[in-house]
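Here is what each chain is made of, one letter per residue.
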Amino acid sequence: MLALAAAMVVAVPAGAHRGHDSLSVVTLNGGVVTVSHRFEAHDIEPALAKIAPAAQASLDDPAALAALEAYVARRFVLTVDGRPVALRHVRTDLSHAEVRIDYTGRTSRRAKTVAVRSTVLTDVYRGQVNQVNVRTGNRVQSLTLRGAAQGSVTLG
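All values reported here derive from a predicted model rather than from experimental measurement.

**Focus: the overall build of the protein**
Helix and strand content of the protein: 3 helices and 10 strands. Ordered by position in the sequence, the α and β elements of the protein form the string α-β-β-α-α-β-β-β-β-β-β-β-β. Per-residue burial over the protein gives 40% buried out of 156 residues. Contacts spanning at least 24 positions in sequence make up 59% of the contacts within the protein whose residues lie at least 6 apart. Taken as a whole, the protein presents about 9,000 Å² of accessible surface, with 54% of it coming from carbon and sulfur.

**As for the sheet that holds strand E8 (residues 129-136)**
Sheet architecture is open: 6 strands sit in the order E5-E6-E2-E1-E8-E9, paired in mixed fashion. The outermost strands of the open sheet, each flanked by one partner alone, are strand E5 (88-93) and strand E9 (139-146). Each neighbouring strand pair of the sheet contributes to a mean axis angle of 20°, computed without reference to strand direction. Across 7 bridges, strand E1 (residues 21-29) lies against strand E2 (residues 32-40) in antiparallel orientation. Following the sheet pairing, Ser 24 is matched in E2 by His 37. Sheet contacts for helix H2 (residues 41-51): E1, E2 and strand E6 (98-106); angle to E2, the most-contacted strand, approximately 85°. Lying over the sheet, helix H3 (residues 62-75) contacts E2, E5 and E6, oriented at roughly 50° with respect to E6.

The rules behind each value
- Residues numbered from 1 in each chain as written.
- Predicted model: local features only at pLDDT ≥ 70, side-chain atom pairs only at ≥ 80, totals over all residues.
- Heavy atoms only, no water.
- Helix = DSSP H or I, 4+ residues; strand = E, 2+ residues; numbered from the N terminus.
- Buried < 20%, exposed > 50% of the residue type's maximum accessible area, 1.4 Å probe, protein only.
- Contact = heavy atoms within 4.5 Å.
- Areas by Shrake-Rupley, 256 points an atom, 1.4 Å probe, with all protein chains shown as cover.
- Pairing = 2+ DSSP bridges.
- Axes fitted to C-alpha atoms, helices over the stretch in contact; angles between N-to-C directions.

Structure representation (structure tokens):
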């Protein structure tokens, strides 16, 4: 009886669903901006049904992948010194349990402020949290965005 109770206590945390989150890393280096978005594949694949309704809800479907890349580009807005940064897709890596989508753009060499609005997956998962790390040189500043929140950092 005691063993059964102990097994039930262990099983409860294992069955609990973790929150939904993503990590985006924005790197500014001499006027070049790179943005790398990282998601858990088990969060992205079910979301494809909403993101790419005309495609299969699978990361193996090229149409779903293209829709995902366009979706992320629309829902992640980067502004440097009050000017929007046009980002173009560079690559998508599906080689692990993580989905990594990279974009690049150009900005002024001496950026002073970076503002970010990330609503990626907030229309799919109610509890979605988007963490954004802004890196310049050896300095990293973090933003935690929920819902339609926007955040900004001042570069030093």
